[in-house]
Each structure stands twice: as structure tokens, then as C-alpha cells.
Amino acid sequence: MVLLLAAALAACGGEPRGAETRPAAPEGGSAFVSLSRVPLRAEPQAAGAVAALLPRGSEVRIETVEGAFARVVAKGGRAGWLEAGTFETAREQEARERRTKAVSGFPGVPGRIVAPCPVYLAPDYGAARWGELEDGDPVDVVLAEHDFLGVRLLGIPLAFVPAHAVRFVPAPTPTPPVPVPAVAAPAGEDGAGDGGPAGPGAVAVVPAGPEPASPGNASPEPYAALPFGAEPPVLKRRVEPQYPSVARRAGVGGEVVLQVVVERDGTIGGVFATQEGPMGLTEAATEAVRRWVYEPARLDGRPIAVIKTVRVRFTPAAP
């Protein structure tokens, strides 16, 4: 079961605020940009002109707070307005580091995102955001905190997502063997001939979000979510999975969920199965998706690598 953080929070000197309003950032204090790229605006409004784009981790000094915006001075003396939720104050960062250390030994429980949601750096709807997760993305849940679950993600040891957006993944159960007639597979089926298409069994492939990397073009840090102003990857060539003949004859289907990286050249890098299927369905889906080609995601006109979730559904033919 998921562990509670009450004792750990007491040790960290903080209490969850749930949906309470985030207190105003301290004027004159330091803060750090929390999202991949954040627009520094010329006016304190969402439609204000963009004066600069600040990458995650950029340090700024807070001068004043006006509604949902803070006027800050960035490195080099450039001044502008940052929207609440796009930066983390130095005090909040210290509290997060203490909280992360307190739960570092907690075991994780596998879960899956069932609705797109923001990722926060504290269990508070007004806290700084780290990014977003898509339907089907895997998470490792380490604690429950009122309306939030603390999760470990790629690139961050502890973040928080709304509890309603997560479903726990049951432990896999062995699939009992299904008797299969001892007859040779005809040419065109898996294991014989040239391996033709899936045939009567329907295979539905549903792209759902970001993807892993290929040798020679691997990005050391693919984006877990599209940064501000980026163009998403667009599928150019899709290879349909071959329905494993054993699974098809046995009437076995299911959904395979893969997390991959769409590389900067549009190819697929490493593929990780977050939800597997029986009787070779996982292998068939993985083999096909590895051969997909995308128009890569772009940021400022340059290709970038992004993580994406892909679902492959196998539906056996009706008897």
C-alpha cells in the first residue's frame, strides 16, 4: 500500500495546503524557474508580449507581486513578469529538498495516469509546476498526501499529481497456457513464411503522448513534456503490428502501452513497456513501434527529442 507522509512532513517542517491559495512570493527573495521554458512577459498578463524565454533552473530575483504575476529580474538585468506556478522560491526549493530526502527510502507502487494533469513540486494546487503528464503515462507512487499522490518521475525524485488522475496498476498475474492445435502455421503467419499482416484480428494503434532514442542521435535529456512554444512530433510512417498467430488462434487480445522517445531525427529510440500483453503481444507491438518514423518535435525551429506514450490494442476476430 501507499505510505502516508504525515511523519515525514513533520520532520520537514511543512504541512500540505491542498487546494489552498499559495502565499505571495517574498519580495526581494530568489526564485527558480520550474518549467522547461517560461515566457518572461513585458506586462503582468497572460497575453503580454514575451520579452524572453527562461529555461528551467534560471534564477531570478523577485521585486514585487501583482495578482497572479511577479515582477522579477533575471540574470543579466533583464526584468519582466512571471506567472504564478512557473517558478519556485528559494524557501520552497529548500522545503522540497528536505521532503525528498525524508521519503527517499519509501518503496514505490506502480500506477498509471488516467487523465492529463499538471505535475506540481509540492502537494498544493498553487505550487510551482514541473510539467504535465498524459493519459497512460506510468508513475511510481511513493506516498499519499490528502488530494495528492507523491510520485517519482524521469528526471525528478519527488513530485505531486492530483490523486484522482492516477490508477494503481495491479501486480501481473501469470497467464495460464491456452491449448493450441498442433498444426503448422500457414505461410504469412508468425513463425512461418514471410510473416504477413495481422489478418482477421484487428490491431488498433493509438498514439497518446511523448517517446525513447536511437544510437548516434540520442538526446541525453529528452523532454518529458513539450516546452512552451514547441511543435509536437507528427507521425509520418506507421508500421502495423503483426498479430501473433498463437494469440490470434487462441482468441487472446489486449492493450500494450509503450513509453518511447521520439528522437531529433524522428526515429524511435529505446522502448519501455509500461503495460504488457500476453502471448507475444508486447513483443509484436514493440517491434512495430520501433520502426515508426515521425516528423520530430521542434523548438525555435530546431528538432528536439521528446518522451511519448503509445498504445497498441489487439482485438481478436469474432468466432
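Residues numbered from 1 in each chain as written. Predicted model: local features only at pLDDT ≥ 70, side-chain atom pairs only at ≥ 80, totals over all residues. Heavy atoms only, no water.

### A look at the pairing of strand β6 (residues 79–83)
Stated formally: Each pair of strands is called paired provided DSSP finds at least two bridges between the two strands. A helix here means a DSSP run of H or I that spans at least four residues, while a strand means a run of E at least two residues long, and both kinds are numbered starting from the N terminus.
Looking at chain direction, strand β5 (residues 69–74) and β6 are connected through five bridges and run antiparallel. Bridged to Arg-71 within β6 is Trp-81. Hairpin connection between β5 and β6: a loop of four residues separates the two successive antiparallel strands, and Gly-76 in this loop has a positive phi of roughly 95 degrees.

### Some thoughts on the pattern of salt bridges
Worth spelling out the cut-off: Salt bridge, as applied in this entry: a Lys or Arg side-chain nitrogen positioned within 4 Å of an Asp or Glu carboxyl oxygen. The buried label goes to any residue with under 20% of its type's maximum accessible area, the exposed label to any with over 50%, and the partly exposed label to all in between, with areas taken from a 1.4 Å probe on protein chains only.
In this structure the tally under the stated criterion is 11 salt bridges. Note that Glu-63 and Arg-71 form a salt bridge whose closest N and O atoms lie 3.2 Å from each other. Here Glu-63 falls in the partly exposed class, since its relative accessible area comes to 35%. In this structure Arg-71 comes out as partly exposed when scored by relative accessible area, which is 28%. Notably, a salt bridge pairs Glu-295 with Arg-298, separated by 3.3 Å at the nearest N-O pair. Overall, the relative accessible area of 26% leaves Arg-298 in the partly exposed class. Each of Arg-61, Glu-63 and Arg-71 takes part in salt bridges that share partners, so that together they form one network.

### As for the nonpolar core
How we decide: We define the nonpolar core as a collection of buried residues of types Ala, Val, Leu, Ile, Met, Phe, Trp, Tyr and Cys that are connected through side-chain atoms lying within 4.5 Å of one another.
If you look at the biggest cluster of nonpolar residues, it comprises 24 residues, and the most contacted ones within it are Leu-258, Val-260, Ile-268, Val-289, Trp-292, Val-310 and Phe-314. The next biggest cluster of nonpolar side chains, apart from the first, holds 17 residues, and it includes Cys-117, Val-151, Ile-156 and Ala-165.

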